[in-house]
Amino acid sequence: MSLDELRAQINEIDADLLALINRRARCVVEIGEIKRRTQAAVLVPEREQELFARLVELNEGPITEAMLCHVFQEIIDTLKALQRPEAEGAEEIPERRLS
């Protein structure tokens, strides 16, 4: 496969990843609403541990366990902001400027 073909494939994968991350974000928002109504804790360390254990089990590589955990920790931490009151959550995520 050529460089251009591989890059086109990555562009398609990135679009799929973005759609999936936004799908996950919508679930996180709904979970946050349920937690607010039921006064449940926003942070549940056991849930994160279960999530990472499941992902490590599913990982077929080539990314390492450390890479996998790093990527998913970033996703989790970023999306947690959606469970907080709107005035608080967005300020925690630094803006990334495109050059």
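Not measured: the values here are computed from a predicted model.

Asker: When you look at the nonpolar core in this model, what are you seeing that I'm missing?
Answerer: One recurring pattern in soluble globular proteins: nonpolar side chains tend to sit buried together. Formed by L51, F52, L55, L68 and I76, the largest nonpolar core amounts to five residues. Mapped by element, the contributors of at least two residues to this core are α2 (45–58) and α3 (65–80). Take this core: its biggest share by element is three residues, from α2.

Asker: Explanation requested: the pattern of salt bridges in the structure shown.
Answerer: Opposite charge on two side chains permits pairing when their charged atoms draw close. Tallying each qualifying case throughout the model produces two salt bridges. Taking the shortest distance from any N to any O, the salt bridge between E48 and K80 comes out at 2.7 Å. One end of the pair, E48, is in helix α2; the other, K80, is in helix α3, and 32 residues separate them in sequence. Across the pair, K80 and E48 agree in class, each one buried. The partner of D77 in a salt bridge is K80, with the nearest N and O atoms 3.6 Å apart. Here D77 pairs with K80, and both are found in helix α3, just three residues apart, close to one helical turn. Judged by relative accessible area, which is 34%, D77 ranks as partly exposed. Overall, K80 belongs to the buried group, its relative accessible area being 17%. Through salt bridges with shared partners, one network takes in E48, D77 and K80.

About the thresholds
Residues numbered from 1 in each chain as written. Predicted model: local features only at pLDDT ≥ 70, side-chain atom pairs only at ≥ 80, totals over all residues. Heavy atoms only, no water. Core = buried A, V, L, I, M, F, W, Y, C linked by side-chain atoms within 4.5 Å. Buried < 20%, exposed > 50% of the residue type's maximum accessible area, 1.4 Å probe, protein only. Helix = DSSP H or I, 4+ residues; strand = E, 2+ residues; numbered from the N terminus. Salt bridge = Lys/Arg side-chain N within 4 Å of Asp/Glu carboxyl O.

Shape descriptors only; they carry no functional weight alone.
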